[in-house]
Amino acid sequence: MKLIIVAVGMRMPDWVETAWRDYSRRMPPDCALELKEIKPEPRTSGKTPAQMMQAEARRIEAAIPAHAMRIALDEHGKDLDTMGLSRELEGWRGSGQDIVFLIGGPDGLDATLKRSCTSRLRLSSLTLPHPMVRVVLAEQLYRAWAIMTGHPYHRA
């Protein structure tokens, strides 16, 4: 199984790249963490936010592997604690499918794209900067894997 994060946004600050590499390298090959960056629609194009999200949705769709389970990161999504995420990860792993987490751009994800997802997940009630979302998600997926496998990273 692969855990694939498809995120709108490119050219992240060095600290984001460093943290991402750290957590992705910690994951074992049978639960690999992969990032696919999507070019954001220029915010100076004169398009409406809906038009920009639609354009980004087309790019996101092109990056999603066939038959992968889709999970949208969304402020109205399911609120899981770390143990809950670990249980979800164990279930996803049992499905044998690749899991794709979708992170939208500044305006979020297109409504049609969100409807195509199996579920929606909320990382926090706080508003997080998009670069931070990648890092928090990567760390929490690693932590969920550590709990699932009995690795000492997580100390309950």
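Rules used in this analysis
- Residues numbered from 1 in each chain as written.
- Predicted model: local features only at pLDDT ≥ 70, side-chain atom pairs only at ≥ 80, totals over all residues.
- Heavy atoms only, no water.
- UniProt positions renumbered as here; feature names shortened; annotations may be inferred.
- 1 Å grid on protein atoms, 1.4 Å probe; cavity = no way out; pocket = protein on both sides within 12 Å on 5 of 7 lines; lining within 4 Å.
- Helix = DSSP H or I, 4+ residues; strand = E, 2+ residues; numbered from the N terminus.
- Polar contact = N/O pair within 3.5 Å; in protein donor to acceptor, adjacent residues only side chain to side chain.
- Expected span 1.5 Å × (residues − 1).
- Salt bridge = Lys/Arg side-chain N within 4 Å of Asp/Glu carboxyl O.
- Buried < 20%, exposed > 50% of the residue type's maximum accessible area, 1.4 Å probe, protein only.
- Contact = heavy atoms within 4.5 Å.

### A few points about the UniProt feature "binding site: S-adenosyl-L-methionine" (unreviewed entry) in the chain
Moving on, step 1. In the UniProt entry, the feature "binding site: S-adenosyl-L-methionine" (unreviewed entry) is given for Leu73, Gly104, Leu123, Ser124, Ser125, Leu126, Thr127 and Leu128. As for the annotated residues, the ones lining the largest pocket are Leu73, Gly104, Leu123, Ser124, Ser125, Leu126, Thr127 and Leu128.
Moving on, step 2. By the secondary structure assignment, serine 124 is in the loop between strand S5 (119-122) and helix H5 (130-149).
Moving on, step 3. Engagement of the side chain of serine 124 in a polar contact is seen with the backbone nitrogen of leucine 126, the distance being 2.9 Å.
Moving on, step 4. Note that leucine 126 resides in the loop between S5 and H5.

### So, H5
Moving on, step 1. Here H5 spans 29 Å end to end across 20 residues, near enough to the 28 Å set by a 1.5 Å rise per residue.
Moving on, step 2. Looking one or two residues past H5, glycine 150 carries a phi angle of roughly 80 degrees, positive in sign.

### Things to note about the pattern of salt bridges
Moving on, step 1. Here the structure, examined in full by the defined rule, presents 13 salt bridges.
Moving on, step 2. Where glutamate 41 meets lysine 47, a salt bridge forms, and the shortest distance between an N and an O atom there is 2.6 Å.
Moving on, step 3. Taking the shortest distance from any N to any O, the salt bridge between glutamate 88 and lysine 78 comes out at 3.0 Å. A residue pair is termed long-range when its members are at least 10 positions apart, and glutamate 88 in helix H3 (residues 82-95) and lysine 78 in strand S3 (residues 69-79) qualify at 10 residues.
Moving on, step 4. Given a relative accessible area of 25%, glutamate 88 falls into the partly exposed group.
Moving on, step 5. Overlapping salt bridges, with partners in common, bring together Glu41, Lys47 and Arg59 in one network.

### Some words on the environment of leucine 113
Moving on, step 1. If you trace the backbone, leucine 113 turns up in helix H4 (residues 111-115).
Moving on, step 2. We classify leucine 113 as buried; its relative accessible area is 3%.
Moving on, step 3. Sequence separation of leucine 113 and isoleucine 60 is 53 residues, and the distance between their C-alpha atoms is 8.8 Å.
Moving on, step 4. Those residues in contact with leucine 113, other than ones at most four positions away along the chain, are Ala57, Ile60, Glu61, Arg70 and Leu102.

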